[in-house]
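Residue strings, one per chain:
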Amino acid sequence: MSVVVVGSMAFDDIETPFGKSDKIVGGAATYIAYAASNFVKPIQLVSIVGYDFPVEEMETLKQRGAELDGIEVVPDKKSFFWSGRYHMDMNTRDTLVTDLNVLADFNPVLPESYKDAEFVMLGNLAPSVQKQVMRQMNKRPKLIVLDTMNFWMEVALKGLLEVIGMVDVLMVNDSEARQLTGEFSMVKAAKKILTMGPKYLVVKKGEHGALLFSGNDVFFAPALPLEDVFDPTGAGDTFAGGFIGHLAKTRDISFENMKTAIIIGSAMASFCVEKFGAQRLKEITKRDIDDRLQEFVELVNFDITLG
């Protein structure tokens, strides 16, 4: 069961109150692939990198079950680079540098072998790029998940709304849901977003968990309280990778199974933040994931007697 993953593969330079990473590999597609590959293979990557992107990283992704035929390597340009500094609360951050480099000219071309995939994860990129990918599919995939951010709401709202109307699941954080709808109440914001086209809305709330909306159904998944949070970069993409990985593995896109997918996404994200970059995601085993999922079950399992 293949999953097409579209997103950036990049370099990050991250500073948090607990340390500094220097230049490390990041990017939405990288995090999504490492997380999703625990549940489903192959992960068919669609991205663009420069001459400076490490060959070893490509090899590691390949060993994890990623297919690289959809990655364009530009021989005379650098890869996308982002540098940021997190505040003490680890939710707010300042962007110090954004060098689009190759990403400025990203014009995705899907290999033939990708065009029949039933599951598509559109990582955070320009809406025009996300739309291009969907138009190249041979038939409507079983599930299309879209991640986006406030930047595209500010500079490409018309295109973004068009893409939102073409997908099954939209993923945003709570402030983006409010920005997109002008509603403060998350329930009102969700109702408005669900009239835009998607059947499901996932609202990521960082250390406060995630919400799933569909019709009149609502589900809340907590985040695991962690002792050590070193770097939240990529946690949202890791969440998305766990989410779509589980859905593709089970081929079940019901609300009930989406609830499980959100718990799995939250578990994967909880690993991501424990070290800088994708390092922790490269180390974890199936046993680690099972144990972490059990912690989630225990976190929310309670017996109550009313009377």
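These numbers were taken from a predicted model, which means no experiment stands behind them.

## A look at the side chain of Thr-148
Residue position: Thr-148 is located in the loop between strand 9 (143-147) and helix 4 (150-155). Those residues in contact with Thr-148 that sit more than four places away from it in its chain are Asn-124, Met-153, Leu-160, Leu-170, Met-171, Val-172 and Glu-176.

## Some points on the environment of Ala-66
Following the sequence through the fold, Ala-66 ends up in strand 5 (residues 66-74). Put simply, Ala-66 and Val-40 are 26 residues apart on the chain and 10.0 Å apart in space, counted from C-alpha to C-alpha. The residues touching Ala-66, leaving out its near neighbours within four places in the chain, are Ile-43, Leu-45 and Leu-61.

## Description of the packing of aromatic side chains
One pass over the structure, following the stated rule, counts 4 aromatic pairs. Taking the centre distance of 6.0 Å and the plane angle of 45 degrees together, the rings of Phe-11 and Phe-53 count as tilted. Taken together, the residues span a long stretch of sequence, with Phe-11 in strand 2 (residues 10-16) and Phe-53 in the loop between strand 4 (43-50) and helix 2 (55-63) at a distance of 42 residues. Each ring, one from Phe-239 and one from Phe-243, has its centre 6.4 Å from the other, and the planes form 10 degrees; the classification is stacked.

## Topic: the side chain of Lys-131
Along the chain, Lys-131 turns up in helix 3 (residues 127-135). Given a relative accessible area of 16%, Lys-131 falls into the buried group. Here Lys-131 is in contact with Glu-162, Val-163 and Met-166, once residues within four sequence places are set aside.

## Digging into the sheet that holds strand 3 (residues 19-26)
Reading across from one edge, 3-2-6-7 is the order of the 4 strands in this open sheet, with mixed pairing throughout. This sheet does not close on itself; its edge strands, each paired only once, are strand 3 and strand 7 (93-99). Between one strand axis and the next, the sheet turns by 15 degrees as a mean value, whatever way the strands run. Note: strand 6 (residues 80-86) against strand 7, 6 bridges, orientation antiparallel. When the bridges of strand 7 are listed, Gly-84 appears paired with Thr-95.

## Focus: the pattern of salt bridges
This model, assessed by the stated rule, comprises 20 salt bridges. Of the charged contacts, one joins Lys-282 and Glu-57 as a salt bridge, the two residues approaching to 3.0 Å between their closest N and O atoms. With a gap of 225 residues between them, Lys-282 in helix 10 (residues 279-283) and Glu-57 in helix 2 connect regions that are remote in the sequence. A relative accessible area of 27% places Lys-282 in the partly exposed class. According to the relative accessible area criterion, Glu-57 is buried, its value standing at 9%. Asp-174 is the partner of Lys-205 in a salt bridge, and the nearest nitrogen-oxygen pair spans 3.5 Å. Of this pair, Lys-205 sits in the loop between strand 11 (200-204) and strand 12 (210-214) while Asp-174 sits in helix 6 (residues 174-181), placing them 31 residues apart in sequence. On the basis of relative accessibility, which here comes to 24%, the residue Lys-205 falls in the partly exposed class.

## Here we look at the pairing of strand 11
Counting buried positions along strand 11 yields 5 of 5 residues, so the element is predominantly enclosed. Every second residue of strand 11 is oriented toward a common face, with Tyr-200, Val-202 and Lys-204 on one face and Leu-201 and Val-203 on the other, all of them buried. Both strand 10 (residues 169-173) and strand 11 contribute to a ladder of 5 bridges, which runs parallel. By the bridge assignment for strand 11, Met-171 is matched with Val-202. As paired strands, strand 11 and strand 12 are joined by 4 bridges and run antiparallel to one another. When the bridges of strand 12 are listed, Val-202 appears paired with Leu-212.

Procedures and definitions
- The numbers attached to residues start from 1 for each chain and follow its sequence in the written order.
- Note on the predicted model: pLDDT of at least 70 is required for a residue's local features to be given, and 80 or more for side-chain atom pairs to be given and counted; whole-chain, interface and lining totals, by contrast, use all residues.
- Each side-chain value is derived from all of the structure's non-hydrogen atoms; neither hydrogens nor water enter the calculation.
- Numbering of helices and strands starts at the N terminus; helices are DSSP runs of H or I of at least 4 residues and strands are runs of E of at least 2.
- In what follows, residue pairs with any heavy atoms lying within 4.5 Å of each other are defined as contacts.
- Stacked, tilted and edge-to-face are the three classes assigned to paired rings of Phe, Tyr and Trp, where Trp is represented by its six-membered ring and a pair needs centres within 6.5 Å; plane angles under 30 degrees give stacked, over 60 edge-to-face, the rest tilted.
- Buried means the residue's accessible area, taken with a 1.4 Å probe over protein chains only, is under 20% of the maximum for its type, while exposed means over 50%, and partly exposed covers the values in between.
- Strand pairing is assigned whenever DSSP identifies at least 2 bridges connecting the two strands.
- For helices, the fitted line uses only the C-alpha atoms of the stretch in contact; every axis is such a line through C-alpha atoms, and the angle between N-to-C directions lies from 0 to 180 degrees.
- We define a salt bridge as a side-chain nitrogen of Lys or Arg found within 4 Å of a carboxyl oxygen belonging to Asp or Glu.

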